[in-house]
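Coordinate analysis (summary)
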Amino acid sequence: MAHQFPALTSEQKKELAEIAQCIVANGKGILAADESVGTMGNRLQRIKVENTEENRRQFREILFTVDNSINQSIGGVILFHETLYQKDSQGKLFRNILKEKGIVVGIKLDQGGAPLAGTNKETTIQGLDGLSERCAQYKKDGADFGKWRAVLRIDNQCPSKLAIQENANALARYASICQQNGLVPIVEPEVIPDGDHDLEHCQYVTEKVLAAVYKALNDHHVYLEGTLLKPNMVTAGHACTKKYTPEQVAMATVTALHRTVPAAVPGICFLSGGMSEEDATLNLNAINLCPLPKPWKLSFSYGRALQASALAAWGGKAANKKATQEAFMKRALANCQAAKGQYVHTGSSGAASSQSLFTACYTY
Amino acid sequence: MPYRYPARTPEQRKELPDIAHRIVAPGKGILAADDPLAPRTRRRTGASTASCADRRRPRQPRLGGVILFHETLYQKTDDGRPFPQVIKSKGGVVDIKVDKGVGPLAGTNGKTTTQGLDGLSERGAQDKKGGADFAKWRCVLKFGEHTPSALAIMESANVLARYASICQQNGIVPIVEPEVLPDGDHDLKGCQYVTEKVLAAVYKALSDRHIYLEGTLPKPNMVTPGQACTHKYSHEETAMATVTALRRTVPPLEEEASINLNAINKCPLLKPWALTFSYGRALQASALKAWGGKKENLKAAQEEYIKRALANSLACRGSASQSLFISNHAY
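Residues numbered from 1 in each chain as written. Chains lettered and ligands numbered in written order. Predicted model: local features only at pLDDT ≥ 70, side-chain atom pairs only at ≥ 80, totals over all residues. Heavy atoms only, no water.

- For chain B, the name recorded in an unreviewed UniProt entry is fructose-bisphosphate aldolase, with Nyctereutes procyonoides as its organism.
- Check the Sequence similarities (unreviewed entry) section of the UniProt entry for chain B; it says "Belongs to the class I fructose-bisphosphate aldolase family." (UniProt positions renumbered as here; feature names shortened; annotations may be inferred.)

- With an unreviewed UniProt entry as reference, chain A is termed Fructose-bisphosphate aldolase, source organism Nyctereutes procyonoides.
- Of the comments in the UniProt record for chain A, the one headed Subcellular location (unreviewed entry) reads "Cytoplasm, Cytoskeleton, Microtubule organizing center, Centrosome, Centriolar satellite".
- Per UniProt, chain A has the following entry under Subunit (unreviewed entry): "Homotetramer. Interacts with BBS1, BBS2, BBS4 and BBS7. Forms a ternary complex with G6PD and TP53; this interaction is direct."

Take a look at the structure:
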């Protein structure tokens, strides 16, 4: 047993743990603004805006130049490669704007899915080649955390043991490499909501997946105190006819987590997975009020559920900047309150915030 | 994914955590009275335990549970009461040791696995009828240059998970004991590293076998340096190493139990489980010595035993201070 080959020095561990805690302190969560070019295109198409680099830059500029008080609700922002190197209209790098607000900058590191032969269309995730060099470069360029999304599906014979094992292993490899380069790895094993399975089925699968992920992280000597988990909430499939309350979702979710996620993990930031903005907030609130043991921070890492209203308000027009920022700020604040179990639903949210944001077989 | 074959009924899912909770109510712990001493000695230990339970009335009993050897489960006090009945009448829970000792793993450096799976379900059902509500199974992992090997860890984890599954099927709460022995000259960090690896493997195996974690109790070793290690560590260092290892591997359920030191409960890291004690030698050593096999010493023995139980109970709440090491302890 080779304990004499520690993966990290004490200084490295300290830095990673501090970054992780900083991101989720005091109810703060993460803005997942790391949509790939293609995915951003889908978003822009919905509001009839052309998918150009300039339009993508403009929208992100509006979000990132919002009032500094955003740093009370947002602890970190995940960026796509392109965005890490973009600037505002005055020529200031986005990553510096965010850092000056006290927000930690993160970078999407995976490079999309690849099929697993012999399975029912299951995938693993690519991106390990040259990952260490890429991480080192991103760290120099201002990133302090990374993100890698693995995808698992509930279907006939899915997720298979192979898919779970393969994705868990890839996640652990990615996490290990991140930590070697001073980046906190966000570990995202998403069980997607496609299908008509019920809540219990999702809980069962989520528990199996998370157990495999934490075994793999342990095998790869990943320092758990310097990681964050980004799981799906436990929900029924989108085509399931039975409806569940936020409390039922919360109970199923926290039960799954407390059976699988060690207390050493400082924070769990849920993905929104196509839930409407309002549902994502209500569910997060219920999770934080769930009476089961919850030794980790329970927060958010939302993409669609933080930006839907903002996108609708913007519509591609610079004149709508103020309305866009207000819409974004409102969702950020609501989710921060939810992360403390203090969200009060006023019922006055706009049409965009109740709209389902589900996209089948979501890849981005 | 065959989740449609739930391993337990809703009634079992309610009963198991209820039992587990009774054992680890604040300040309570477990007396391991299952050492395979000579039969006469075992019986006297059991009798002493049962009488202690008697004498403690009307005081609040400190013990949540008592682990008995198979034979002791069916023995009686001098006035004819079955031991389980006496223990239960004092609010205690009866536990039965169900493993059948170790067997060698070929091709390894003296590694072992633990036997006892054959007929375990039938024995479990019978012991449940006989009054047992939880069971104990001890796997042993030895520390050395190339040990514990991946095979030993995997095999132990697997066997523990199988035993746990069978127990739960029979309404018995399994205590899960993967013990990393203190034999050797390894330091505190070495023990922590190995303990983390072992516990991670155990919890993965429990997940693979659909174990209902809320109806189990882990009994891991405390993280300590090897007995032959020359460097001395403070109680606080031991506590920190132990709690760190647990925080990295044991899911934060409420009804966890076992092991503790005063220092562990004072350790400032967030501890989402109840940490209590499950001691054999540490609770009985002074009692056995005071008894010396003589009936006239029974009262003195009982006093020693109550003293240790109280001290450990206080330590559970972080308010409490002769090495009992036996090389290669196997029982």
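Here the narrative resumes, following the displayed structure.
**Quick notes on the overall build of chain B**
- Looking only at helices and strands, one finds 11 helices and nine strands in chain B.
- Looking at the 331 residues of chain B, the share that counts as buried comes to 57%.
- Summing over all exposed atoms, chain B offers an accessible surface of approximately 14,100 Å²; the carbon and sulfur share of this is 54%. (Helix = DSSP H or I, 4+ residues; strand = E, 2+ residues; numbered from the N terminus. Buried < 20%, exposed > 50% of the residue type's maximum accessible area, 1.4 Å probe, protein only. Areas by Shrake-Rupley, 256 points an atom, 1.4 Å probe, with all protein chains shown as cover.)

**Side note on the pairing of strand β3 (residues 93–97) of chain B**
Residue and element names in this part refer to chain B.
- Within β3, five of the five residues are buried, which leaves the element mostly enclosed by the surrounding structure.
- Two strands pair when backbone bridges link them, and β3 and strand β6 (residues 134–141) are joined in this way by three bridges, in the parallel orientation. Among the inter-strand pairings, Lys97 is bridged to a residue of β6, identified as Lys136. (Pairing = 2+ DSSP bridges.)

**Some words on the packing of helix α2 (residues 37–46) of chain A against helix α3 (residues 53–64) of chain A**
Residue and element names in this part refer to chain A.
- For the pair α2 and α3, the least separation of the axes is 11 Å and the interaxial angle reads 75 degrees. Between α2 and α3, the angle is such that the two are roughly perpendicular. Here Val37, Met40 and Leu44 of α2 come into contact with α3, specifically with Arg56, Phe59 and Arg60.
- The residue makeup of the contact of α2 with α3, split by class, is four nonpolar, no polar and two charged. (Axes fitted to C-alpha atoms, helices over the stretch in contact; angles between N-to-C directions. Parallel < 35°, antiparallel > 145°, perpendicular 65-115°, else oblique. Contact = heavy atoms within 4.5 Å. Nonpolar A, V, L, I, M, F, W, Y, C, P; charged D, E, K, R; others polar.)

**Here we look at helix α9 (residues 246–258) of chain A**
- Counted at 1.5 Å a residue, the expected span for α9 of chain A with its 13 residues is 18 Å, and the 18 Å between its end C-alpha atoms agrees.
- Contacts made by the buried residues of α9 of chain A are with α8 (199–219), β8 (228–229), β9 (267–270), α10 (277–289) and β10 (297–302) of chain A. (Expected span 1.5 Å × (residues − 1).)

**Considerations on unusual backbone geometry**
- Going from Cys158 of chain A to Pro159 of chain A, the amide bond is cis rather than trans, its omega being -10 degrees.
- Secondary-structure assignment places Pro159 of chain A in the loop between β6 (145–152) and α7 (161–180).
- Unusually for a residue other than glycine, Lys48 of chain A sits at a positive phi of about 60 degrees.
- The exposure class of Lys48 of chain A is exposed, given its relative accessible area of 76%.
- Unusually for a residue other than glycine, His210 of chain B sits at a positive phi of about 60 degrees.
- Look at His210 of chain B and you get partly exposed, because its relative accessible area is 35%.

**Here's the deal with the confidence of the model for chain B**
Residue and element names in this part refer to chain B.
- Across chain B, the average pLDDT comes to 77, with 71% of residues at or above 70.
- At the low end of the mean pLDDT range in chain B sits helix α2 (residues 39–55), at 47; at the high end sits helix α7 (residues 188–208), at 95.
- Low pLDDT, under 50, characterises residues 52–61; the stretch is placed with 21 contacts to residues that sit more than four places away or in other chains.
- If you check the scores for this complex, the pTM reads 0.84 and the ipTM reads 0.86. (pLDDT = per-residue confidence, 0-100.)

**Looking at the interface of chain B and chain A**
- Each partner contributes residues to the interface: chain B has 37 residues there, and chain A has 33 residues.
- Taking both partners together, chain B and chain A bury about 2,800 Å²; carbon and sulfur atoms supply 60% of that area.
- Counting every contact that joins chain B to chain A gives two salt bridges.
- Glu225 of chain A serves as the salt-bridge partner of Arg248 of chain B, at 2.8 Å between the closest nitrogen and oxygen.
- Our count for the chain B to chain A interface comes out at eight residue pairs in polar contact (both at pLDDT 80 or more). (Buried area = accessible area lost by both parts, 1.4 Å probe. Salt bridge = Lys/Arg side-chain N within 4 Å of Asp/Glu carboxyl O. Polar contact = N/O pair within 3.5 Å; in protein donor to acceptor, adjacent residues only side chain to side chain.)

**Quick word on the packing of aromatic side chains**
- The tally for this structure, following the rule as stated, stands at five aromatic pairs over all chains.
- Across from the ring centre of Tyr212 of chain B, 4.5 Å away, lies the NZ or CZ of Arg13 of chain B, which sits over that ring. (Phe/Tyr/Trp six-rings, centres within 6.5 Å; stacked < 30°, edge-to-face > 60°. Lys NZ or Arg CZ within 6 Å of the ring centre and 35° of its normal.)

**With respect to the state of the cysteines**
- Applying the stated rule across the entire model yields zero disulfides over all chains.
- Looking at the unpaired Cys135 of chain A, the closest cysteine sulfur is the one in Cys178 of chain A, lying at 4.3 Å.
- Judged by relative accessible area, which is 0%, Cys135 of chain A ranks as buried.
- Just so you know, Cys191 of chain B is unpaired, no disulfide at all, and the nearest cysteine sulfur is the one on Cys229 of chain B, 10 Å from it. (Disulfide = S-S within 2.5 Å.)

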